[in-house]
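Structural overview for review
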Amino acid sequence: MSENIQQKIIELREELHQHNYYYYVLDEPTISDFEFDAKLKELQELENLHPEFFDPNSPTLRVGGEITKNFPTVQHQFRMYSLDNSYDFNDLEDWENRIIKTISDPVEFVAELKFDGASISILYENGKMKEAVTRGDGFQGDEITANVRTISDIPLVLKGDFPEWFFMRGEIYLTRKNFDKINARREEEGLDLFMNPRNTAAGSLKIQDSGEVRKRCLSAVLYQFIANDIPAQTHWELLQSAKTWGFKISENAKLCSNLNEVKDFINYWDEKRHQLPFEIDGIVLKVNSLKQQQQLGYTAKSPRWAIAYKFKAEMVETELEKVTYQVGRTGAITPVANLKPVLLAGTIVKRASLHNEDIIKKLGLHERDFVYVEKGGEIIPKIVGINLGKRNPANPEIQYIKNCPECGTELIKIEDQAIHFCPNEMHCPPQVIGRMIHFVSRKALNIESLGQETIAQLNREKLIENPADLYTLTKEQLLPLERMAEKSAQNILDGIEKSKAIPYEKVLFGIGIKHVGETVAKKLAKNFESIDALKNASVEELIQVEDIGEKIAESIVDFFKNPENIVMIERLKSYGVQLEKGENATEVLSNTLENKTFLFTGKLSLFTRESAEEMVEKHGGKNISAVSKNLNYLVVGEKAGSKLKKAQELGTVTILDEQQFLDLING
Ligand code: AMP
Ligand code: ZN
């Protein structure tokens, strides 16, 4: 049994790592965010139940490079139930019939919009916001108070005649407008675009830096009051009172005295929902009387007094005009269906993603087919089927391209990945431009004055093909470019000049070694003091560094095997770009741990893993990533698993608890 679970955990981790890679590295996800989140949730749940299989590299601990784990877990004092779903009016009638069996008095309903975001539970004490917790698994969630405080819709201090102690629940969401703004900005910065407002809202709540959360401009609406003492008889009254205490309550809730009124409400919003500034995925119905709610009670998962009505995803038929192929910044090819424009879910749709060759084959798509297009949670609609009855038998099946549409190079398809790539990374224009955009981006060399459009122009004019070329640009070369004024040319040159002071670790991130993200670059810079030291490192040496696996190590070694990269690096050096660690790098506090190696395992409670590793370095020691005979000390937290066992078996490793580790540092 437990072996099966371990196997399942391992498989899910591998799968998620793979999808992370598709999403972040190839910028070409093969599953929706929703499916990804579902898998991640499944893994998270298994890991929660089985801490003995803890792995510091699990995707649950590092979703897309950000550690979201440090929010304290908080038990919900009142469980956060989910809602039963219904999809048609029959389901609603069945629901009403079940209610009538328990309740003989007339039943009123409150119909509300079902906001598509992330739910939140906020504790108010004496009129002040005290604590905000995500839904989590319904029993416990993450405490994200600092982040929720940044949301303007949520009152920090109440007014009027509010109760002393209660929870307010609601939904945090992103308006379509703000979602588009975020994506526009990400596009400018050369970052992957977010898929849909809901996941972006949920993801934003887990950003470590609340300042960044603020910039996401999240919205919120509150829809439920919970406490031991309830100052009203009905849900409707509670909503009105909450409004007087300063809460943002939906303007579109409606008190209905029977199901027919509910149906009108549903029909109205099914049609009008596209005109709302935010997304809803249905309607929520609640029994109005709190006494009746209490009589009805709960099932194992949801209240019997409430139900969600989900709108159907909208689908239309249209004609396929042609399939075109886009080359991404990483060389990944995306086939795109260009459609005869058609109105779908309030917008005109002209294109749908086809993802990859396998999906086209599975659909069995022919030229000029009539296709069914659906818009679910994702921004880009997808083709869900073909109207075979309308197919002209003379139209041949779609043939996937063999050569890169940008540079003509023959495409390759990597085994076990459905995606085609253009292997001409050094000279294929979108790939060159992608690398340059990455190099000048904020977290790398931060040359703000150099925009995407200018980079593309400079590349078209054959003035830049790799980062080193930037440093030889002259004003004479810049001025003839379209829309380039004297002042902006000077700004660009100044920005380039300033970038020479950017520290080594950021340059290392900027030069775009595959799989070397921000965090990995930091770790590399810490362990290899100069680019030359890194260049000379073997795969074996590289994987000694924590978080560096074989795949990353091999990619680094490959990078330096390419003579064009070597030339680029030598040139960067000669222009004065930082390619070694500056003096004020890691400050050294003592050499108590000199020549000693450390590894941390299990759940630490006195300090975080990151800070522990930093302590090791500051005192002259070294962190390594696996239990081996090279390991001197294993520091174990709660529920340590296989590493502890292995160290005990080896017999050469000194095992310390957290306090003993601190004692060791303090001599
Ligand atoms: P589900 O996630 O499908 O089980 O639906 C339950 C979720 O709907 C809740 O956890 C809330 O996050 C969300 N929701 C959105 N709008 C409302 C609303 N007006 N009342 C209750 N729940 C809502
Ligand atoms: Zn190409």
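Residues numbered from 1 in each chain as written. Chains lettered and ligands numbered in written order. Predicted model: local features only at pLDDT ≥ 70, side-chain atom pairs only at ≥ 80, totals over all residues. Heavy atoms only, no water.

So, the domain arrangement of the protein
- Looking at the assigned domains, one finds that the protein contains domain 1 (2–63), domain 2 (73–310), domain 3 (314–406), domain 4 (429–574) and domain 5 (597–665).
- If you look at the interface, domain 1 gives four residues, while domain 5 gives five residues.
- Summing the contributions of domain 1 and of domain 5, the shared interface buries around 360 Å²; its carbon and sulfur component is 63%.
- Our count for the domain 1 to domain 5 interface comes out at zero salt bridges.
- Counting the contacts that link domain 1 with domain 5 gives zero residue pairs in polar contact (both at pLDDT 80 or more).
- Grouping the amino acids of the side of domain 1 that touches domain 5 by side-chain chemistry returns three nonpolar, no polar and one charged. (Domains from an automatic or database assignment. Contact = heavy atoms within 4.5 Å. Buried area = accessible area lost by both parts, 1.4 Å probe. Salt bridge = Lys/Arg side-chain N within 4 Å of Asp/Glu carboxyl O. Polar contact = N/O pair within 3.5 Å; in protein donor to acceptor, adjacent residues only side chain to side chain. Nonpolar A, V, L, I, M, F, W, Y, C, P; charged D, E, K, R; others polar.)

Regarding the pattern of salt bridges
- The final tally for this structure, using the stated rule, is 35 salt bridges.
- Close ionic contact of Glu357 with Lys361 constitutes a salt bridge, the shortest N to O distance being 3.4 Å. Here Glu357 pairs with Lys361, and both are found in helix H11 (residues 357–363), just four residues apart, close to one helical turn.
- Between Glu546 and Lys523 there is a salt bridge; the shortest N-O distance is 3.5 Å. With Glu546 in the loop between helix H20 (539–542) and helix H21 (550–561) and Lys523 in helix H18 (residues 518–527), this pair connects stretches of sequence that are 23 residues apart. In this structure, Glu546 and Lys523 share a single accessibility class: buried.
- Shared partners join several salt bridges into a network, and the residues in it are Glu357, Asp358, Lys361 and Lys413. (Helix = DSSP H or I, 4+ residues; strand = E, 2+ residues; numbered from the N terminus. Buried < 20%, exposed > 50% of the residue type's maximum accessible area, 1.4 Å probe, protein only.)

Remarks on the coordination of the zinc ion (ligand 2)
- In the first shell of the zinc ion (ligand 2), the protein supplies Cys404 (SG), Cys407 (SG), Cys422 (SG) and Cys428 (SG), at 2.3 Å from the metal.
- Seen from the zinc ion (ligand 2), its four donor atoms lie at angles of 102 to 112°, and the figure they make is tetrahedral.
- Within one chain, the residues serving as donors to the zinc ion (ligand 2) are arranged as C-x2-C-x14-C-x5-C. In this pair, Cys404 sits in the loop between strand S16 (382–386) and strand S17 (412–413) while Cys422 sits in the loop between strand S18 (420–421) and helix H12 (429–440), placing the two residues 18 residues apart along the sequence. Exposure class is identical for Cys404 and Cys422. Each is buried. (Donors = N, O, S within 2.8 Å, 3.2 Å for Na, K, Ca; no water. Tetrahedral: all angles 85-135°; square planar, octahedral: opposite > 155°, others 65-115°.)

Considerations on the sheet that holds strand S4 (residues 118–125)
- The strand order across the open sheet formed by four strands is S5-S4-S7-S8, and the pairing between neighbours is antiparallel. Each having just a single partner strand, strand S5 (128–134) and strand S8 (219–226) make up the two edges of the open sheet. Across the sheet, the axes of successive neighbouring strands diverge by a mean angle of 30°, strand direction being ignored.
- In this structure, S4 lies alongside S5, joined through six bridges in antiparallel fashion. When the bridges of S5 are listed, Leu123 appears paired with Glu131. (Pairing = 2+ DSSP bridges. Axes fitted to C-alpha atoms, helices over the stretch in contact; angles between N-to-C directions.)

Looking at the packing of aromatic side chains
- For the structure shown, the criterion picks out 25 aromatic pairs.
- Aromatic side chains Tyr268 and Trp269 sit 5.1 Å apart centroid to centroid with 90° between the ring planes, which places their arrangement in the edge-to-face category.
- By relative accessible area, which is 43% here, Tyr268 ends up partly exposed.
- On the basis of relative accessibility, which here comes to 9%, the residue Trp269 falls in the buried class.
- Through a chain of ring-to-ring contacts, the aromatic side chains of Tyr124, Phe166, Phe225, Trp245 and Phe247 assemble into a single cluster.
- Across the ring face of Phe194, the terminal group of Arg186 is positioned such that the distance to the ring centre comes to 4.0 Å.
- Residue placement shows Lys390 over the ring face of Phe370; its charged tip is 4.8 Å from the ring centre. (Phe/Tyr/Trp six-rings, centres within 6.5 Å; stacked < 30°, edge-to-face > 60°. Lys NZ or Arg CZ within 6 Å of the ring centre and 35° of its normal.)

So, the nonpolar core
- Core analysis: the biggest nonpolar cluster contains 55 residues, and Leu470, Ile511 and Leu524 have the highest contact counts within it.
- For this core, the element with the highest residue contribution is H12, accounting for six residues.
- For Leu470, the contacting residues outside a window of four places in its chain are Met436, Phe439, Val440, Ile447, Leu450, Ile464 and Ile496.
- Formed by 38 residues, the second largest nonpolar core is a distinct cluster that contains Phe71, Leu239, Phe247 and Ile249. (Core = buried A, V, L, I, M, F, W, Y, C linked by side-chain atoms within 4.5 Å.)

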